[in-house]
Amino acid sequence: MKEQILIIMSEVFELDILDFPNEVNQEQIDNWDSLRHLNLIVELEEAFDVSFEPEEISEMISIEKIEQVIMEKYHDK
């Protein structure tokens, strides 16, 4: 799952996967702004066939948190 998230993030943030920092979070990626954050959410919802609540969206600022929220969605299904 983490690899798929990274692929989506690389497309949304227009970064090569090899250029991602060790800690993938909003502070480490310069062009992770509010518009790209929403684009990321839309792409994740489509890829994983889930729908996120506004509270979840605001918390999804690192790859670890994104993975956690998606796993919780699958657990709830």
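Scope of this entry: the structure provided in the associated data block.

Reading the values: the criteria
Residues numbered from 1 in each chain as written. Predicted model: local features only at pLDDT ≥ 70, side-chain atom pairs only at ≥ 80, totals over all residues. Heavy atoms only, no water. Helix = DSSP H or I, 4+ residues; strand = E, 2+ residues; numbered from the N terminus. Buried < 20%, exposed > 50% of the residue type's maximum accessible area, 1.4 Å probe, protein only. Polar contact = N/O pair within 3.5 Å; in protein donor to acceptor, adjacent residues only side chain to side chain. Contact = heavy atoms within 4.5 Å. Salt bridge = Lys/Arg side-chain N within 4 Å of Asp/Glu carboxyl O. Core = buried A, V, L, I, M, F, W, Y, C linked by side-chain atoms within 4.5 Å.

1. Describing the side chain of Asn 25
- Mapped onto the elements, Asn 25 comes out in the loop between α1 (2-12) and α2 (34-48).
- Asn 25 sits in the buried class, given a relative accessible area of 14%.
- Polar contacts involving the side chain of Asn 25 include one to the main-chain amide nitrogen of Glu 27, which spans 3.0 Å.
- Residue contacts for Asn 25: discarding those within four places in its chain leaves Trp 32, Ile 61 and Ser 62.

2. Looking at the pattern of salt bridges
- Counted under the stated rule, the structure contains three salt bridges.
- When the shortest N-O distance is used, the salt bridge between Glu 56 and Lys 73 registers 3.0 Å. Note that Glu 56 is positioned in helix α3 (residues 54-59) and Lys 73 in helix α4 (residues 63-76), a separation of 17 residues in sequence.
- On the basis of relative accessible area, Glu 56 is assigned to the buried category, the value being 17%.
- For the salt bridge of Lys 65 with Glu 59, the shortest nitrogen-to-oxygen distance reads 3.5 Å.
- On the basis of relative accessibility, which here comes to 22%, the residue Lys 65 falls in the partly exposed class.

3. Details of the nonpolar core
- In terms of nonpolar packing, the biggest core is built from 22 residues, with Ile 5, Met 9, Leu 40, Leu 44, Phe 52 and Ile 66 touching the most fellow members.
- Counting residues per element, the ones that place at least two in this core are α1, α2 and α4.
- With five residues, α1 is the largest single contributor of residues to this core.

4. Re the side chain of Lys 73
- The class of Lys 73 is buried, set by a relative accessible area of 16%.
- Here the side chain of Lys 73 touches Ser 51 through a polar contact of 2.9 Å, landing on its backbone oxygen.
- Sequence-distant contacts of Lys 73, defined by excluding residues within four places in its chain, comprise Val 50, Ser 51, Phe 52, Glu 53 and Glu 56.

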